[in-house]
Amino acid sequence: MADNWGFEMNRILMGGCLAGVVLGLSGCGAETAATAAGAAVVKKKELEQAQGVKQSVEQQLEQANQQMQQRADQLKQTTP
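If you're wondering where the values come from, they're calculated on a predicted model, not measured in any experiment.

Asks: Looking at this structure, how should I read the overall build of the protein?
Replies: Of the regular secondary structure elements, the protein holds one helix and zero strands. Total accessible area on the protein is roughly 7,300 Å²; 63% of this is exposed by carbon and sulfur atoms.

Right under this line is the structure:
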């Protein structure tokens, strides 16, 4: 009976150690996942800002093209 009791205690202790290791490692995984999620949020904001800058530059280019076309039209009208 004493032999069986020792085996049970060993099994309980090993199970507890294993659970501790699993919980410890899952904590690292959770931290890594949280870090990755944070980085993804930052990248998403950077992407949105870059898209806004792109749209602004495209509008400015379109306005510049329109101004050039208007000036070209004016020059055509004023030159004989």
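Read on, since the account is not over.
Asks: What am I meant to see in a nonpolar patch on the surface here?
Replies: A contiguous nonpolar surface patch, about 260 Å² in accessible area, is contributed by Val53, Val57 and Leu61. When you line up the elements, Leu61 lands in helix 1 (residues 2-78).

Asks: Any chance you could explain the pattern of salt bridges here in plain terms?
Replies: Pairing of side chains with opposite charge becomes possible as their charged atoms draw close. Under the counting rule described, the total for this entry stands at two salt bridges. Linking Lys43 and Glu46 is a salt bridge whose minimum nitrogen-to-oxygen distance equals 3.6 Å. Placement of the pair is Lys43 and Glu46 together in helix 1, with a separation of three residues, close to one helical turn. The exposure class assigned to Lys43 is exposed, which follows from its relative accessible area of 54%. Classification of Glu46 as partly exposed rests on a relative accessible area of 41%.

What counts, and where the lines are drawn
In this numbering scheme, every chain counts its residues from 1 along its sequence in written order. Reporting of local features is limited, given that this is a predicted model, to residues whose pLDDT is at least 70; pairs of side-chain atoms are given and counted only at 80 or more, and all residues count toward the totals for whole chains, interfaces and linings. Just so you know, side-chain values use all the structure's heavy atoms and leave hydrogens and water out. Labels follow the DSSP assignment, with helices taken as runs of H or I lasting at least four residues and strands as runs of E lasting at least two, numbered in each case from the N terminus. For the accessible areas, the method is Shrake-Rupley and the probe is 1.4 Å, while residue cover comes only from the protein chains on display. Each patch is built from residues that are more than 30% exposed by relative accessible area and take part in no salt bridge. Like charges join if they lie within 9 Å; nonpolar side chains (Val, Leu, Ile, Met, Phe, Trp, Tyr) join within 5 Å. The salt bridge criterion pairs a side-chain nitrogen of Lys or Arg with a carboxyl oxygen of Asp or Glu, the two atoms within 4 Å. Residue burial is assigned from relative accessible area. The probe radius is 1.4 Å, only protein chains are included, and a residue is buried under 20% of its type maximum, exposed over 50%, and partly exposed in between.

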